[in-house]
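Residue-level structural notes
Each chain is listed here by its residues.
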Amino acid sequence: MISDRRVTLGDLSTAARFVGALPGFLRSPLDPATARRTVAGRLEWRESDFIDHLKLAVYEAPANPYRELLRWAGCEHGDLARLARADGVESTLRTLCRAGVYLTVGEFKGRQPVVRGGSTLHVDPVRLRNPRARPQIQARSGGSRSAGTPVVFDLDFVRGCAADTLLFLEARGAGPRWRHGDWEVPGGASIFRLLKFAAFGRVARWFTQVDAADPGLHPRYRWSGRLLRATGALCGAPFPPPEHVPVEDPRPIARWMREVLDGGEIPHIYTFASSAVRLCQGALADGIDLAGAQITLIGEPVTSPRLQIVRRAGAIGVTRYATTETGPIAYGCLAPAAPDDVHVVRDLQAVIQPGANDLGLDERSLLITSLHPAAPFVLVNVAMGDVATLAERACGCPLARLGWATHLEGIRSYEKLTAGGMNFLDVDVVRILEEVLPTRFGGAPTDYQLVETADADGRPRLGLVVHPRLGPLDADEIARTFLAAIGAGTSAERVGGLVWQAGRLVRVERRVPLTTQAGKILHLHAQAGPA
Ligand SMILES: [Zn+2]
């Protein structure tokens, strides 16, 4: 998974800071009333906290690249403060965006230089780290299409996010009868999740999609779990041991959920949307009724075909939208207008869209600004690569009463996927793999996947992976259906479809879809080397 397995001094000092700070964190649990006060306070002081945060983390931080961007825009701290006080945070961010103060995902990750007018700047994500945050937990962003970015978290940020999570779960009915579980991959992101639960309650089970004892994993994965458990035990807040449950056989989790239900309690699991589909398919196949079980769907698009499978198994699936770099951005509406209708957690993040612009930004792209003083990065108008519909809507659900009035829905990656030398949009691929092919050939959304590979001569090839469980199917017919649907796609990549047909670039492969190192089943999975 991670090729470099060296243990650095940075790893050791991060671990030491973690062990030093964890007892204090675990000994002062959050309750709903405190969480409510915390969120309300952050919303009340939102403008002035934003002004102070940019002063300390940008204007007074010589290495921060936003200093340059703001200078190019001619925006002194006094100007920013006046704007924010007069017009609010979002209006200020829209003004800054028009003046060039934003970063695209490529600029943020250092893949492209930042060019504004005649000036150029190279951003190293390390320089965007928040100087106000203490590095106490190490993680790595998903890296579904790249190597991933190292992210370090401060326990104060974990607690800050836990307030929002607690209120989100409380709105769904969570209380002492809920039993929380997590099913991800080992590493910082799952430690972050376990700590968030521990900030207000207990973690009942910790399932991992990859065996934490696998010698191929960086030793950090084993340590971080052991440190967490050893320190937790000393503080009287024990964490469960990691249990390896592969995506291919989720039945142990389905059985655990059933046992909890039989005991009159509510099982709740945090997992990737595609993993939730696998879990519910496994439960359905084994006749395990999950009626009343709760699932928080993370990390991947939540579509109607995916939700239907969760519902068929009896479970209640609610979306959460986040990135490793930002922390939580939005939590699922409880009176949703779309499968992935979510409320922006306005106390932690500000989200705007550029609208019609001549900056080369997609007008529907989501620009994120982190507001928490201990957030891992200083993000001002950063496009993390997603588009969505953003609106203020009075849904009447309990999350709206927390002051989270902004909704997002239809969240999709707008990063152009390149496969077989052709570009097309994620949104088309999602529709074809989740709706067109299952309708025609059977199976579920997680049974189909595109894999980009190269043949022995290095020519690009696209593998259309189809799960063997669907039984005998005509491979040519599947390939033709896929190409016809891509040819009719909204991204107007008709040429792509034609070129692929001519070049026989799409090859149907009957095997189990691959998962990425972050445990997700992506619609397009890039694979190095010959297939
Ligand atoms: Zn709502």
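One structure accompanies this document, and this report is about it.

Cut-offs applied
Residues numbered from 1 in each chain as written. Predicted model: local features only at pLDDT ≥ 70, side-chain atom pairs only at ≥ 80, totals over all residues. Heavy atoms only, no water. Helix = DSSP H or I, 4+ residues; strand = E, 2+ residues; numbered from the N terminus. Buried < 20%, exposed > 50% of the residue type's maximum accessible area, 1.4 Å probe, protein only. Contact = heavy atoms within 4.5 Å. Areas by Shrake-Rupley, 256 points an atom, 1.4 Å probe, with all protein chains shown as cover. Donors = N, O, S within 2.8 Å, 3.2 Å for Na, K, Ca; no water. Tetrahedral: all angles 85-135°; square planar, octahedral: opposite > 155°, others 65-115°. Pairing = 2+ DSSP bridges. Axes fitted to C-alpha atoms, helices over the stretch in contact; angles between N-to-C directions. Arc of directions from axis to C-beta. Parallel < 35°, antiparallel > 145°, perpendicular 65-115°, else oblique. Left-handed = near helix turned anticlockwise from the far one by under 90°. Nonpolar A, V, L, I, M, F, W, Y, C, P; charged D, E, K, R; others polar.

**Here we look at the overall build of the protein chain**
When you go through the protein chain residue by residue, the secondary structure sums to 16 helices and 22 strands. The buried share of the protein chain, reckoned over its 531 residues, is 56%. The long-range share in the protein chain, meaning contacts at least 24 apart out of those at least 6 apart in sequence, stands at 68%. With an accessible surface of roughly 20,900 Å², the protein chain has 53% of that area assigned to carbon and sulfur atoms.

**Quick look at the coordination of the zinc ion**
At the metal site, the zinc ion is ligated by Cys333 (SG), His343 (NE2), Cys395 (SG) and Cys397 (SG), and these contacts range over 2.1 to 2.3 Å. Metal-centred angles of 99 to 122 degrees between the four donor atoms at the zinc ion mark the site as tetrahedral. Residue classification places His343 among the buried positions, given a relative accessible area of 0%. Residue Cys395 is classed as buried on the basis of its relative accessible area of 15%.

**Brief notes about the sheet that holds strand S14 (residues 365–370)**
Judged by pairing direction, the sheet is mixed, and its twelve strands sit side by side in the order S7-S6-S5-S8-S9-S10-S11-S12-S16-S15-S14-S13 without closing on themselves. Both outer strands of the open sheet, strand S7 (242–244) and strand S13 (349–352), are each paired with one neighbouring strand and no more. With direction set aside, neighbouring strand axes in the sheet form an average angle of 35 degrees. Across four bridges, the pairing between strand S10 (residues 316–323) and strand S11 (residues 327–332) is antiparallel.

**Brief notes about the environment of Ala63**
As for its placement among the helices and strands, Ala63 is situated in the loop between helix H3 (46–59) and helix H4 (65–72). A residue is classified by how much of its surface remains accessible, and Ala63, at 44% relative accessible area, is partly exposed. Separated by 64 residues in sequence, Ala63 and Arg127 place their C-alpha atoms 6.1 Å apart.

**Re helix H6 (residues 89–98)**
Buried residues of H6: Val89, Glu90, Thr92, Leu93, Leu96 and Cys97, and no others. Down the axis, H6 shows its buried residues gathered within 160 degrees of arc, on one side only. If you follow the buried residues of H6, they end up packed against H3, H4, helix H5 (77–87), S13 and S14. Immediately downstream of H6, the backbone of Gly100 shows phi near 95 degrees, a positive value.

**Section: unusual backbone geometry**
In this model, Asn381 sits at a positive phi of 55 degrees, which is unusual for a non-glycine residue. Note that Asn381 resides in the loop between S14 and strand S15 (382–392). The exposure class assigned to Asn381 is buried, which follows from its relative accessible area of 0%.

**Examining the packing of helix H1 (residues 9–26) against helix H10 (residues 219–234)**
Interaxial distance between H1 and H10 falls to 10 Å at its minimum, and their mutual angle equals 25 degrees. Between H1 and H10, the interaxial angle falls into the category roughly parallel. Helix-helix and strand crossings are classified by hand; for H1 and H10 the assignment is right-handed. Where H1 abuts H10, its residues Asp11, Leu12, Ala15, Phe18, Val19, Leu22, Pro23 and Leu26 lie against Arg220, Trp223, Leu227, Leu228, Thr231 and Gly232. For the contact of H1 with H10, the per-class residue count stands at ten nonpolar, two polar and two charged.

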